[in-house]
Amino acid sequence: MRAIVNGKLVDLPNGATVEELRKKLPEIGNDDVMEEGFKGTKPLKENEALKEGSKVWTVPKIVKGFK
């Protein structure tokens, strides 16, 4: 199965979940994983499977600093 992750074509096993995507691409770390679809962009949960041809983006979590 192939999916587009952050603009790059990535080969993944069929039915790969977000958790497996994190293992394959450690550079995304703890970022929120968003899937682009016909109705807009939606966040994916760790146990949700990606679909063939999915367009997925990662967004870093916002971390508040000290004043």
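Residues numbered from 1 in each chain as written. Predicted model: local features only at pLDDT ≥ 70, side-chain atom pairs only at ≥ 80, totals over all residues. Heavy atoms only, no water.

### Examining the overall build of the protein chain
Looking only at helices and strands, the protein chain has one helix and five strands in total. For the protein chain, the sequential pattern of α-helices and β-strands runs β-β-α-β-β-β. In terms of overall dimensions, the protein chain has a C-alpha envelope of 45 × 30 × 20 Å along the principal axes. Each of the 67 residues in the protein chain was classed as buried or not, and the buried ones make up 30%. Taking the intrachain contacts of the protein chain between residues at least 6 apart in sequence as the baseline, contacts between residues at least 24 apart amount to 48%. By element, 56% of the accessible surface of the protein chain is carried by carbon and sulfur atoms, the whole surface being about 5,200 Å². Across the protein chain, 13 positive and 11 negative side-chain charges occur, with their mean positions spaced 5 Å apart. (Helix = DSSP H or I, 4+ residues; strand = E, 2+ residues; numbered from the N terminus. Buried < 20%, exposed > 50% of the residue type's maximum accessible area, 1.4 Å probe, protein only. Contact = heavy atoms within 4.5 Å. Areas by Shrake-Rupley, 256 points an atom, 1.4 Å probe, with all protein chains shown as cover. Lys, Arg positive; Asp, Glu negative; His and termini not counted. Charge placed at Lys NZ, Arg CZ, Asp CG, Glu CD.)

### So, the nonpolar core
Val5, Leu12, Leu21, Val33, Leu50 and Val56 are the most contacted members of the largest nonpolar core, which totals 14 residues. Where this core is concerned, the elements lending two or more residues are β1 (2-5) and α1 (18-24). Here Val33 is in contact with Val18, Leu21, Arg22, Lys42, Pro43, Leu44, Val56, Trp57 and Thr58, once residues within four sequence places are set aside. (Core = buried A, V, L, I, M, F, W, Y, C linked by side-chain atoms within 4.5 Å.)

### Some words on the sheet that holds strand β4 (residues 40-43)
Strands pair in a sheet through their backbones, by hydrogen bonds, and they do so in one of two ways: parallel or antiparallel. Read across the sheet, five strands follow the order β2-β1-β5-β3-β4 without closing on themselves; strand pairing throughout is mixed. Two strands in the sheet have a free side with no partner beyond their single neighbour: β2 (8-11) and β4. Adjacent strand axes in the sheet meet at a mean angle of 35 degrees, parallel and antiparallel pairs treated alike. With four bridges joining them, β1 and β2 adopt antiparallel strand pairing. Paired with Ala3 across the two strands is Val10, which belongs to β2. (Pairing = 2+ DSSP bridges. Axes fitted to C-alpha atoms, helices over the stretch in contact; angles between N-to-C directions.)

### Focus: the environment of Glu46
Locating Glu46 in the fold gives a position in the loop between β4 and β5 (55-59). We classify Glu46 as partly exposed; its relative accessible area is 36%. Through-space distance from the C-alpha of Glu46 to that of Asp11 is 18 Å; in sequence the pair is 35 residues apart. Those residues in contact with Glu46 that lie beyond four places of it in its chain are Thr17, Val18, Glu19 and Arg22. Only 2.8 Å separates the side chain of Glu46 from the side chain of Arg22, close enough to count as a polar contact. (Polar contact = N/O pair within 3.5 Å; in protein donor to acceptor, adjacent residues only side chain to side chain.)

### Remarks on the pattern of salt bridges
All chains considered together, the criterion is met by five salt bridges. Note that Arg22 and Glu46 form a salt bridge whose closest N and O atoms lie 2.8 Å from each other. Taken together, the residues Arg22 in helix α1 and Glu46 in the loop between β4 and β5 connect sequence positions 24 residues apart. (Salt bridge = Lys/Arg side-chain N within 4 Å of Asp/Glu carboxyl O.)

### Observations regarding the environment of Asp32
Relative to the helices and strands, Asp32 resides in strand β3 (residues 32-37). C-alpha separation for the pair Asp32 and Pro60, spaced 28 residues apart in sequence, amounts to 6.2 Å. Sequence-distant contacts of Asp32, defined by excluding residues within four places in its chain, comprise Trp57, Thr58, Val59 and Lys61.

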